[in-house]
Each structure stands twice: as C-alpha cells, then as structure tokens.
Amino acid sequence: MTFRRTKIVATLGPASSSPERLEQLILAGLDVARLNFSHGTPDEHRARARLVRELAAKHGRFVALLGDLQGPKIRIAKFADKRIELAVGDRFRFSVTHPRDAGTQEVVGIDYPDLIKDCSVGDELLLDDGRVVMRVEEKTADELHCVVLIGGPLSDHKGINRRGGGLTAPALTAKDKADIKLAAELELDYLAVSFPRDAADMQLARRLRDEAGGTAWLVAKIERAEAVADDEALDGLIRASDAVMVARGDLGVEIGDAELVGIQKKIIQHARRLNKAVITATQMMESMIHSPMPTRAEVSDVANAVLDSTDAVMLSAESAAGEYPVEAVQAMARICLGAERYPANTRSKHRMGEQFKRCDESIALAAMYTANHFPGVKAIISLTESGYTPLIMSRIRSSVPIFAYSPHRETQARVALFRGVYTVPFDPAAVPPEKLNQAAVDELLKLGAVEPGDWVILTKGDSYNTTGGTNGMKILHVGEPLV
Ligand code: G6P
Ligand code: MG
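Residues numbered from 1 in each chain as written. Chains lettered and ligands numbered in written order. Predicted model: local features only at pLDDT ≥ 70, side-chain atom pairs only at ≥ 80, totals over all residues. Heavy atoms only, no water.

Asks: Where do I start with the UniProt feature "domain: Pyruvate kinase barrel" (unreviewed entry) in the chain in this structure?
Replies: Within this structure's numbering, the places UniProt gives as "domain: Pyruvate kinase barrel" (unreviewed entry) are residues 4-329. What you have in residues 4-329 is 34% helix and 24% strand, and the ends, taken at the C-alpha atoms, are 13 Å apart. (UniProt positions renumbered as here; feature names shortened; annotations may be inferred. Helix = DSSP H or I, 4+ residues; strand = E, 2+ residues; numbered from the N terminus.)

And the structure:
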C-alpha cells in the first residue's frame, strides 16, 4: 500500500465552501484546510471549520485546520474611479494626507504614515505583487514622489512592498488580535502569522494565543527580506515557531524572483534541521484557477518542493476561488506521489554527525535509522500525546510510513501536516499493557498497511500520557503472537 507522504494544504473560499465541494476536496486528499482571515467573515470561517470537521469525521479522515492571519500588509487607499493605468515614465505620488477615497492618475492616499520615514530616494516600490514598479525620486514631509519603471493597472487597496524589505509595520494588527480569538474559539490546529520580522513577533502571537485560550501551533510565514537576511535571523524565527511557511508571494517581491528558489531550499532545510514542519506556498498551480490541467512548469514546481523535502504544498486561489479546486488537489496528490518515488528521497544522511539533545529525540531517530536500514520494516507506530515524537521522526527522510497513535483530537488533526505521518486514533491507557503491542499492530492490519511477515517499529514511554516520555522502541514481527 502506498501512502502519499507530502501533505496538501488547500485554502477554502467561495469555490470550495459548499458541502459537496468540500467533501470532494477531502476525498481528493486534502490534509490541511486553510482559512484565510484576509477574506470572509467570522461566520463564514465558523461554517467552514464546522463543515470540514463533520465531513472529515464522516469519511474517517483527519484534516487539520489552519487559520492565516492577514497581518500588516501595507496597502494603498482607494481611487475615485476604482482603477488607473500607469505607463513607464509616469510620475506618481503616495500621500499620507490625500483623501483616502479620492486617488487620481497622479496621487493616492496611504494608511501607513511611516512609509515616508521608511523609504529613501532611490528605493524601488512594488505594487500589486510587483505588477507595477516605481522608484522614489523625492521625499517631502507627507509624500513620496515616484517615477514608474514598470507600468500597468493599479486599483483600490493593492499591496505595496519595498524591494529589499524593511517596511517596519508591526506584525500584529487589531484585526489579527481579533482573529487570534476567533482561532481559539474554533479550536484551530494551526495559526499562521503574516510578516513576522523576528522571534519577538512570534512570541507576542504566542502570548495572545495563550491569553485567548487557543492551542494552535504557530506557523511563521517567511515573507520579509529581513527574515532571510542571514542564518541567524532565519533560525531565530524558525526556533520561535512550531512550523514555517515559505510564503513565496511577498517574499519573491521583496528579495526578487531570482533568489527565491535557493531560499526555498534553504528554509526547508533549516526548518527540518530545527525539528519544525514546513509548508511551501503560493502559485504552485496558478494556471489551474482557469484550467483543469497544470502546466509542466507547475508540475515541476510541486515535484521540486517534494524533492526539497517540504512537509506540505499549498493551494491558494486555485482552491479558494478557482474553477477547478478538486482537480487541483487531485493533480497535486498525483505529482507528489510521483516525485516521492524518486529514490534520493527515501534515504537520509541528515544529522548523522550530530549529537541528540533529548531521550525521546534519540529514540525517534534510532527508529528512523532502523526503519531505513532493516528492509522488512513496513511501518512505524509512535504512541504520542502531542505529535512531537512523530514530528521528529518525520524530519528524517524515509519511505516507511509513520503512524501517530493518539487519543487526542488536537493531535490527531495536527499531525496531518507532517510529511509521511498518518493518524490512528488510539488510547493506550484503554488497553492492558500486555496486549498493547498486539492491539497497536492490529490497527495497521485493519488499515491494510502491513501483512503477516512484515516488521513494525513501535515507540513509547514507560508511562502513558506524558509528553516527552518516549524512551523505548520495539521491533515487532507481524503475525507472531506479540506481547
Ligand atoms: C503516549 C505514550 C507515552 C509517550 C507519549 C509521547 O502518551 O503512551 O508512553 O511518552 O505518547 O508523547 P509525545 O507528545 O512526546 O510524542
Ligand atoms: Mg503574503
């Protein structure tokens, strides 16, 4: 039986919120449903979260919910006539005093007073994800005077970035703070923080999450030039998070598209080395917004992210607002499976020369070493409270599936993001200790994941229900009476 190891995150939106559509997405292989707090009302998110959980339960699937905070995306105000058209060489101004709803061919308002302070003459500003580019020619007390380098349409509320990054808006807005409460209310499994500058931004988000009573694991979206300026900055941000997202839209605008591929590989590598999960996002299947088939370039992009060892690949507008959301998930699933067959992806030299810091980490890695080198091993069972032990395991490349056995709803959903990890609801405390190994293996037999004659590795601790307690590993022969 082949399990797809790479997980699929799909954004829900108007194109994917009816019960029928959602059910199709779940059956097509959706692992994590993303609620984008930049769009939609709290009630729409509530309804989607409820539906995802109902439909996943109906099909015995485990789908995690990820809320994505809007963050301090800096945006221009509105135009009197909604939209203008700029040509190369045109002069254009951003003004903190111009009326917010009366932009013209020459000037538009902006809600971010620090823009003037943050920018210097010679800076390049990118509007609408880089579709329009301008250079700052002159600065006054409340305006930036620019010349257009790349022309095109510009309409209400388009985003603005600076090439090289450095616009210093704080990472959490009033809306984000309200959405952190909504995430707690909806018991979301993951919460993505947009535009964090450093560890302090993540710590603030963590504090607000705790105050709201949420338990979501925090995902840092890597999308500012500062976050990838050097290894120290990147690792600091990764360490302060539970998972990261390679948010290629804004990141590409800030650092330039030429740098993006190398940085993607680096972020994935660093995240795995620091024991965190990682999502690769943005425009992976962009043409499928209007087409039932991906382009060859998109196929390559998804496959290469798999070869880079990402935990998950993500769909944005393709599933939220596109014409072919189900086909997009199906195509991703197919491409991931194909890429996973490539042999370099099933063995690991990772961390061979390193010391381990913790007992459970040592057992998790010993289990992976054994799984990868003892050919009869067809599955790994990890009894887990929080999902931590299977997370560590899944940082190591392998073709052996890792089954996370947990009685907790949060953990059952959370591990859906981790590469090569699959949920099995299981309460070890409900089984007499001498029957535990057999009961655990029986679950795999039921799933069709193993057959008599196969070997299975099982990890656990001496006592049940203690996170961090894993201290033992068993190698079990399926079909023999197990004690
Ligand atoms: C289950 C097992 C324990 C083990 C724990 C690890 O509760 O019964 O023996 O110590 O999982 O949980 P963790 O959150 O560290 O993966
Ligand atoms: Mg972004």
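Asks: Would you mind showing me how to read the coordination of the magnesium ion (ligand 2) here?
Replies: Listed as protein donors to the magnesium ion (ligand 2) are Glu223 (OE) and Asp250 (OD); their distances from the metal cover 2.2 to 2.3 Å. Residue glutamate 223 is located in the loop between β13 (217-222) and α6 (231-239), and its partner aspartate 250 is located in helix α7 (residues 248-255); the two are separated by 27 residues in the primary sequence. The class of glutamate 223 is buried, set by a relative accessible area of 3%. (Donors = N, O, S within 2.8 Å, 3.2 Å for Na, K, Ca; no water. Buried < 20%, exposed > 50% of the residue type's maximum accessible area, 1.4 Å probe, protein only.)

Asks: Teacher, can you tell me more about the pairing of strand β2 (residues 32-36) here?
Replies: Consecutive side chains of a regular strand alternate in pointing toward one face of the sheet and then the other. Summarising burial for β2: five of the five residues are buried, a large majority. The side-chain alternation of β2 yields two buried faces, one formed by Val32, Arg34 and Asn36 and the other by Ala33 and Leu35. Relative to β2, strand β1 (residues 7-12) is paired through four bridges, and the arrangement is parallel. Its bridge partner being in β2, alanine 10 is matched across the sheet by alanine 33. For β2 and strand β3 (residues 64-68), the ladder comprises five bridges, and the chain directions are parallel. When the bridges of β3 are listed, alanine 33 appears paired with leucine 65. Viewed along the sheet, the connection from β2 through helix α2 (residues 42-58) into β3 turns out right-handed. (Pairing = 2+ DSSP bridges. Right-handed = clockwise from strand over helix to strand, strands pointing away.)

Asks: Explain unusual backbone geometry here, please?
Replies: Keep in mind that most residues, glycine aside, have a negative phi and that most peptide bonds are trans. Positive phi values are uncommon outside glycine, yet histidine 157 reaches one of about 65 degrees. Within the secondary structure, histidine 157 sits in the loop between β10 (152-155) and β11 (160-162). Under the relative-accessibility criterion, histidine 157 is labelled partly exposed at 42%. Of note in this structure, asparagine 465 is not a glycine but carries a positive phi near 65 degrees. As for its placement among the helices and strands, asparagine 465 is situated in the loop between β20 (455-461) and β21 (470-477).

Asks: So what exactly am I meant to see when it comes to the domain arrangement of the chain here?
Replies: The accessible area lost on association of the parts is a frequent measure of interface size. Taken as a whole, the chain is organised into domain 1 (7-71 + 171-341), domain 2 (83-162) and domain 3 (359-477). Centre-to-centre, using C-alpha coordinates, domain 1 lies 29 Å away from domain 2. (Domains from an automatic or database assignment.)

Asks: How do you make sense of the site of ligand 1 when you look at a structure like this?
Replies: In the vicinity of ligand 1 there are 17 residues, among which Thr384, Ser386, Thr389, Gly461 and Gly468 approach most closely. Between an oxygen atom of ligand 1 and a side-chain N or O atom of glutamate 385, the distance comes to 2.8 Å. In this structure, threonine 467 approaches ligand 1 through a side-chain N or O atom, which is 2.7 Å from an oxygen atom. Those elements that provide at least two residues to the shell around ligand 1 are α13 (388-393) and β20. Taken together, the residues that form the shell around ligand 1 break down as four nonpolar, 11 polar and two charged. (Near = heavy atom within 4 Å. Polar contact = N/O pair within 3.5 Å; in protein donor to acceptor, adjacent residues only side chain to side chain. Nonpolar A, V, L, I, M, F, W, Y, C, P; charged D, E, K, R; others polar.)

Asks: Would you take a moment to explain the environment of asparagine 36 for this structure?
Replies: Among the secondary structure elements, asparagine 36 is positioned in strand β2. Overall, the relative accessible area of 14% leaves asparagine 36 in the buried class. On a C-alpha basis, the gap between asparagine 36 and histidine 270 in space is 26 Å, while along the polypeptide they are 234 residues apart.

Asks: Can you walk me through the state of the cysteines in this structure?
Replies: Disulfide: a covalent bond formed between the sulfur atoms of two cysteine residues. Throughout the structure, instances matching the rule amount to zero disulfides. Looking at the unpaired cysteine 146, the closest cysteine sulfur is the one in cysteine 119, lying at 7.9 Å. (Disulfide = S-S within 2.5 Å.)

Asks: In this structure, what is going on with the UniProt feature "domain: Pyruvate kinase C-terminal" (unreviewed entry) in the chain? I would like to understand it.
Replies: As annotated by UniProt and renumbered to match this structure, "domain: Pyruvate kinase C-terminal" (unreviewed entry) occupies residues 361-476. Taken as a whole, residues 361-476 contains 32% helix and 27% strand, while its terminal C-alpha atoms sit 21 Å from one another.

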